[in-house]
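# Chains, contacts and geometry: an overview
So the chains spell out like this:
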Amino acid sequence: MKLSLTVASLMFAAPALAADLPINKEPHINQILLQGFIGDAIADNCPTMEPRKLRALGELNKLRAYAQDKGYTVAEIRAFVTSDTEKARGKAEAAEWLKAKGAEPGKTEEYCRIGREEIAKESLIGYLLRDTQ
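Residues numbered from 1 in each chain as written. Predicted model: local features only at pLDDT ≥ 70, side-chain atom pairs only at ≥ 80, totals over all residues. Heavy atoms only, no water.

Okay, helix α5 (residues 84-100) next. When the terminal C-alpha atoms of α5 are compared, their 24 Å separation across 17 residues agrees well with the 24 Å that a helix rising 1.5 Å per residue should span. Buried within α5 are the following residues: Glu86, Gly90, Ala94 and Leu98. The buried side chains of α5 occupy one side of the element, clustering within an arc of 110° when seen end-on. In this structure, α5 carries Asp84, Thr85, Glu96, Lys99 and Ala100 as exposed residues pointing more than 90 degrees from its buried face. Those residues of α5 hidden inside the fold are in contact with α2 (27-45), α4 (74-82) and α6 (108-121). Its side-chain oxygen 3.3 Å from the backbone nitrogen of threonine 85, serine 83 forms the N-cap of α5. Immediately downstream of α5, the backbone of glycine 102 shows phi near 105°, a positive value. (Helix = DSSP H or I, 4+ residues; strand = E, 2+ residues; numbered from the N terminus. Expected span 1.5 Å × (residues − 1). Buried < 20%, exposed > 50% of the residue type's maximum accessible area, 1.4 Å probe, protein only. Arc of directions from axis to C-beta. Contact = heavy atoms within 4.5 Å. Polar contact = N/O pair within 3.5 Å; in protein donor to acceptor, adjacent residues only side chain to side chain.)

Written out as C-alpha cells, the structure reads:
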C-alpha cells in the first residue's frame, strides 16, 4: 500500500517538474544554439572554414538531453528545433553577434578571422569549426 501511494504521489508531482520557461526562452539552450548558428554563419561565409558535423550532432544530442532533464517534452523540443521562426531568430541573433565583431556579408576575411579566433580560444564555436587553410 505504501509503495502504491508513493508511486501515485510521484505521478501527480511529475507535472511540477516541467520546465519553468518556454523552451525558446531558456537561457542555456538558446546560448548553445546561438553558438551553433554563429559557427554555421562563419562556415557559410569563409571559404576556409568547414563545419564539424559530427561534433555538432553530438552537441545537439547533449542539448536535447539537457532540455529533457529540464522537463521539456520531446514534442516541445522537436517543435522548437524545426520551427522556421526560431531558426530565423537564431540566424538573426548570430548575424548581430558577428556584426558586432566586424563580420558582415561581403567581409569574407572577417568571418575567417573570427573563426580562427574562436578555434584558438577553444570555444564551442571554434569546436564546431575546422580551418582548412
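The structure having been displayed, the exposition proceeds.
Scanning the model with the defined rule gives one disulfide in all. Each disulfide pairs two cysteine sulfurs, and for cysteine 46 the partner residue is cysteine 112, the sulfurs being separated by 1.9 Å. Its S-S torsion of about 110° marks the bond between cysteine 46 and cysteine 112 as right-handed, since a negative value means left-handed. In this pair, cysteine 46 sits in the loop between α2 and β1 (49-51) while cysteine 112 sits in helix α6, placing the two residues 66 residues apart along the sequence. For cysteine 46, a relative accessible area of 1% puts it in the buried group. (Disulfide = S-S within 2.5 Å.)

Here the focus is the side chain of glutamate 86. Note that glutamate 86 resides in helix α5. Once residues within four sequence positions are removed from consideration, glutamate 86 is found in contact with Asn24 and Phe80.

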